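Read off the chains here:
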Amino acid sequence: MKHIKLIIAAMTALTVASCSNNKFKVEGEIANAADSVLYFENVGLEGINTLDSVKLSDGGSFSFSQEAPEAPEFYRLRIADQIINVSIDSTETVTVKAKYPQMATEYEISGSDNCLKIKELALKQIDLHKKAMAIQENQSLGVDAANDSILKLIDAYKNDVKSNYIFKEPMKAYSYFALFQTLGNWLLFNPRTNKDDIKVFAAVATSWDTYYPHAERGQNLHNIAIEGMKNQRIAEANNADIQIDASKVSEAGVLDIALRDNKGAERHLTDLKGKVVLLDFHIFAMDESPARILMLRELYNKYQAQGFEIYQVSLDSDEHFWKQQTAALPWISVRDADGLNSQRLMMYNIQAVPDFFVIDRGNNLVKRAAMIKDIEAEIQKLL
């Protein structure tokens, strides 16, 4: 498994890029900061690097320009400990107006919807910190009561961020930003210790696999999610007094699905390593289902002998109907009883059904339906 770089840097907001010569630009004014040095820094996976700087004049104007990244990347403006973080995903121009020394909280930004969302998240994070500090300093509360109140505050914050930001648009830079927010040194979403947080990282990782398939940040998210799943399996096994060899835990580059098939046997998606797999999300009750099943049958009959398999997840509410429809199908047919409310749809960022993904022999998710023009050609290439 690749080395995992888990960033706990507190980022605070904005996305950037300029149109000319494939460059992005971050420009604007920082008032009340004459003679201060404004730094423009890259918040990378390996750490923070200074890209440029300027000594501000009385007017406080500045302009920084860099080569546009191939996938969303994070930067920040900094004077001393006052920071405005910047997310860049193309060749945009982002304009920032702020006043020192409150520039981290009192600034205006334009030219990027991502930046506006990141600002919202940053201000929410600051408010969370203030509320947690108020609880901690409340002398009328005992230690246990204070800790319980802070945990409830964090849970409410996470639910808000999951529903209104991350799951809403997991492919966006602001959703990635939200994953690494902290309360002090405490990572709010921690897939290494929290089973539900694995799903949150998985949703963003899967989306980035689709929209930015070669991005290092996307692969890093994937590795973090898989590490969390491995830790969770080991913890569950230890709690059940079962000894488990960590080397046996799946490190596959695809998020596992484990559901019962139409014969009652539990089937794991990751058990299909070595085959080229079509992961298909389907509803048999839909009008277009018969035609789609015929198309899948043709593919299966043609390539099954060469190592092709279909892992089909039904979201039908009627179990009996599903079993009838799949009784004669030759591939793996499983059913998710949670239907359209399934967490697996969030994990794989399914916006509409039917949808499918192609997985290579190494258990790596390669492409989703929206990226594939010719499914048969894609399968042939992987076989």
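Attention in this report is confined to the structure presented alongside it. What you are looking at is a predicted structure, and each value in this text was computed from that prediction instead of being measured.

What counts, and at which threshold
- Residues numbered from 1 in each chain as written.
- Predicted model: local features only at pLDDT ≥ 70, side-chain atom pairs only at ≥ 80, totals over all residues.
- Heavy atoms only, no water.
- Helix = DSSP H or I, 4+ residues; strand = E, 2+ residues; numbered from the N terminus.
- Buried < 20%, exposed > 50% of the residue type's maximum accessible area, 1.4 Å probe, protein only.
- Contact = heavy atoms within 4.5 Å.
- Pairing = 2+ DSSP bridges.
- Axes fitted to C-alpha atoms, helices over the stretch in contact; angles between N-to-C directions.
- Phe/Tyr/Trp six-rings, centres within 6.5 Å; stacked < 30°, edge-to-face > 60°.
- Lys NZ or Arg CZ within 6 Å of the ring centre and 35° of its normal.
- Salt bridge = Lys/Arg side-chain N within 4 Å of Asp/Glu carboxyl O.

## Some thoughts on unusual backbone geometry
So, point 1. Cis rather than trans, the peptide bond between tyrosine 100 and proline 101 has omega equal to 15 degrees.
So, point 2. Mapped onto the elements, proline 101 comes out in the loop between strand E7 (93-99) and strand E8 (107-110).
So, point 3. Cis peptide bonds are those with omega within 30 degrees of zero, and the linkage from valine 353 to proline 354 qualifies with 10 degrees.
So, point 4. Position of proline 354 relative to the elements: it lies in the loop between helix H8 (343-347) and strand E16 (355-359).

## Some points on the side chain of serine 36
So, point 1. Mapped onto the elements of the fold, serine 36 is located in the loop between strand E1 (23-31) and strand E2 (37-44).
So, point 2. Taking the relative accessible area as the measure of exposure, serine 36 reaches 18% and is therefore buried.
So, point 3. Those residues within four positions of serine 36 in sequence are excluded, and the remaining contacts are Val54, Lys55, Leu56 and Ile79.

## Here we look at the sheet that holds strand E4 (residues 61-67)
So, point 1. The 4 strands lie next to each other as E4-E1-E7-E8, forming an open sheet whose pairing is mixed. Each of the sheet's edge strands pairs with one partner strand only, and the pair in question is E4 and E8. Taking the axes of each pair of neighbouring strands and ignoring which way they run, one obtains an average angle of 15 degrees across the sheet.
So, point 2. Of the strands in this sheet, E7 and E8 touch helix H1 (residues 113-136), which is tilted by about 150 degrees from E8.

## As for the packing of aromatic side chains
So, point 1. Considering all chains together, one arrives at 16 aromatic pairs under this definition.
So, point 2. Every member of this aromatic cluster is reached through a ring pair, and the members are Phe74, Tyr176, Phe180, Phe201, Trp208, Tyr211 and Tyr212.
So, point 3. One Lys or Arg, lysine 119, reaches over the ring of tyrosine 107 and ends 4.9 Å from the middle of that ring.

## What to know about the pattern of salt bridges
When the charged atoms of two side chains lie near each other, side chains of opposite charge can form a pair.
So, point 1. Scanning the entire structure with this criterion turns up 16 salt bridges.
So, point 2. Each of Glu41, Arg76 and Arg78 takes part in salt bridges that share partners, so that together they form one network.

## Describing the environment of isoleucine 109
So, point 1. Structurally, the position occupied by isoleucine 109 is in strand E8.
So, point 2. On the basis of relative accessible area, isoleucine 109 is assigned to the buried category, the value being 9%.
So, point 3. The spacing of isoleucine 109 and threonine 95 is 14 residues in sequence and 5.6 Å in space, taken between C-alpha atoms.

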